[in-house]
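Okay, here's what each chain looks like letter by letter:
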Amino acid sequence: MKFSNRFVFLTTLVFIAAITRLVPHYPNFTAIGALALFGGTYFTKKWEAFTVPFAAMLFTDVIIGFHPGMYAVYASFALIVAVGFFVRKHKSITTVALASVFASVSFFVITNFAYWTSGVFYPRTSAGLAECFLAAVPFFHYNMLGDLFFTAALFGTYELVKAKLPVLVKA
């Protein structure tokens, strides 16, 4: 199987972004949402858009370790990749920024809801749900800032390099 220069470059960017999980960082200030959004936007085939970002996540999860709530992390990740399909057809700075905010919010809601449903630390009541979400708020701003920063970095890097190397335009 022969891969295009574009595919190799996009894959390299995704894996570099995933490495942000392995270096010291503020809690949740990583490129996770950004690399999912980037993958959904720029990989032309759906299987690539899901497989490459998921492989990058899995690679770092093998190093970091697995936890019981990973299904929620990967579910939110899949949703963000799918949002990238919309961004692909309506790409603008505004659309990318709004999609990045959506990535942060959806990750927050999905993962914290899953954590609450586990019943380990919070009772399965509306008060327990509110307490769970409230306890997670201090981490949300790092997640949002990380998604916005790394989305700008990934999308900006690709667009700048693509302008200098037109061979990356072809699929």
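To be clear, the structure that these remarks concern was listed above.
Our subject in this report is the structure included herewith. Quick caveat, the model's predicted, so the values are computed rather than measured.

## Regarding the environment of Tyr26
Relative to the assigned elements, Tyr26 resides in the loop between α1 (5-18) and α2 (32-42). Tyr26 sits 16 residues away from Tyr42 along the chain, and the two C-alpha atoms are 27 Å apart.

## Description of α2
Burial runs high along α2: 11 of the 11 residues are buried. Within α2 the residues assigned to the buried category are Ile32, Gly33, Ala34, Leu35, Ala36, Leu37, Phe38, Gly39, Gly40, Thr41 and Tyr42. In this structure, the buried residues of α2 make contact with α1, α3 (46-64), α4 (70-89), α5 (93-117) and α6 (126-164).

## Comments concerning the nonpolar core
Residues Leu35, Phe38, Leu154 and Phe155 are the most contacted members of the largest nonpolar core, which totals 37 residues. If you list the elements that add at least two residues to this core, you get α1, α2, α3, α4, α5 and α6. Setting aside residues no more than four positions away along its own chain, Phe155 makes contact with Leu37, Phe38, Thr41, Tyr42, Val87 and Val96.

Calculation criteria
- Every chain's residues receive numbers from 1 upward, in the order its sequence appears when written.
- Whole-chain, interface and lining totals are the exception, using all residues; otherwise, since this is a predicted model, local features are given only for residues with pLDDT of at least 70 and side-chain atom pairs are given and counted only at 80 or more.
- Side-chain numbers here rest on the full set of heavy atoms in the structure, without hydrogens or water.
- Secondary structure follows DSSP: runs of H or I at least 4 residues long count as helices, runs of E at least 2 residues long count as strands, and numbering of each begins at the N terminus.
- Only protein chains enter the accessibility calculation, which uses a 1.4 Å probe; a residue whose area is less than 20% of its type maximum is buried, one above 50% is exposed, and one in between is partly exposed.
- Working rule for contacts: check all heavy atoms of both residues, and any pair within 4.5 Å makes them a contact.
- The nonpolar core is taken to be a set of buried Ala, Val, Leu, Ile, Met, Phe, Trp, Tyr and Cys residues, with the residues joined through side-chain atoms within 4.5 Å.

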